[in-house]
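What the coordinates show
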Amino acid sequence: MQLTPLIAIHAFCAISATAIGPVALWARRSGSAAHPRLHRAAGYAFVTLMLGAALTALFIRDWRLPNLWGYTPIHLLIPITLGSLALSFWHLAHSRVEQHRRIMRKLYFGACLTAGLFTLLPGRLLGDLLVQSLA
């Protein structure tokens, strides 16, 4: 697989979401250190970047790995991400802040950190680039 503009946009969105996610999570913690404006701005940026990453992933196919019509198991994160974002905002609209917080934390750790680690495996574009740069 080579670095195409679509993959570059996807990588930008995913890496940026991984970087901005902790700001959104940290800024809204309870207590005197809460920063609601920062939380909201970082949260909207995080959601926008996650939507970008999920929607671009729809068009990224990998025919070398075990797949179904070019979709690999990591593509299962697309409906999980989109559903988590929708459910999170639904909870927020119904003043269920704790459920919103829990979903967003799980989304960050699952879709950003865990999936990010899987992209570093050999045979994946970023994994191969990492191995080549370390060799």
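Structure report, in brief.

1. Here's the deal with the overall build of the protein chain
Counting secondary structure elements, the protein chain contains 5 helices and 0 strands. Of the regular secondary structure in the protein chain, the N- to C-terminal order runs α-α-α-α-α. Expressed along its principal axes, the backbone C-alpha trace of the protein chain runs to roughly 50 × 35 × 20 Å. Counting every position in the protein chain, which comprises 135 residues, the buried fraction comes to 30%. Contacts in the protein chain between residues at least 24 apart in sequence constitute 56% of all its contacts with a sequence separation of at least 6. Only carbon and sulfur atoms are counted for the fraction: they give 71% of the accessible area of the protein chain, which is about 8,700 Å².

2. Let's talk about the nonpolar core
Of all hydrophobic cores here, the largest spans 13 residues; its most connected members are Ala17, Phe46, Met50, Leu85, Met104, Leu107 and Cys112. Among the secondary structure elements, those contributing two or more residues to this core are helix H1 (5-27), helix H2 (36-57) and helix H4 (97-118). Look past the residues within four positions of Met104 in its chain and what remains in contact with it is Phe46, Val47, Leu85 and Ser88.

3. Regarding the pattern of salt bridges
Scanning the entire structure with this criterion turns up 1 salt bridge. For Glu98, the salt bridge is made with Arg101, and the minimal N-O distance between the two is 2.8 Å. A residue pair is termed a helical-turn pair when its members lie 3 or 4 positions apart in one helix, as Glu98 and Arg101 do in helix H4 at 3 residues.

4. Considerations on the environment of Trp26
By the element assignment, Trp26 lies in helix H1. On the basis of relative accessible area, Trp26 is assigned to the partly exposed category, the value being 38%. In this structure, the C-alpha to C-alpha distance between Trp26 and His39, residues 13 residues apart in sequence, is 7.7 Å. With sequence-adjacent residues up to four places away left out, Trp26 is seen in contact with His35 and Leu38.

5. Considering the layout of surface pockets
Size it by volume and the largest pocket reaches roughly 760 Å³. The wall of the largest pocket is formed by 30 residues, among which His10, Ala14, Ile74, Thr119 and Arg124 lie closest to the centre. Secondary structure elements with two or more residues in the lining of the largest pocket: H1, H2, helix H3 (77-93), H4 and helix H5 (125-134). Of the residues forming the lining of the largest pocket, the biggest block, 6 residues, is contributed by H1.

About the thresholds
Residues numbered from 1 in each chain as written. Predicted model: local features only at pLDDT ≥ 70, side-chain atom pairs only at ≥ 80, totals over all residues. Heavy atoms only, no water. Helix = DSSP H or I, 4+ residues; strand = E, 2+ residues; numbered from the N terminus. Buried < 20%, exposed > 50% of the residue type's maximum accessible area, 1.4 Å probe, protein only. Contact = heavy atoms within 4.5 Å. Areas by Shrake-Rupley, 256 points an atom, 1.4 Å probe, with all protein chains shown as cover. Core = buried A, V, L, I, M, F, W, Y, C linked by side-chain atoms within 4.5 Å. Salt bridge = Lys/Arg side-chain N within 4 Å of Asp/Glu carboxyl O. 1 Å grid on protein atoms, 1.4 Å probe; cavity = no way out; pocket = protein on both sides within 12 Å on 5 of 7 lines; lining within 4 Å. Points joined across faces, edges and corners; volume = space filled by probe spheres on them.

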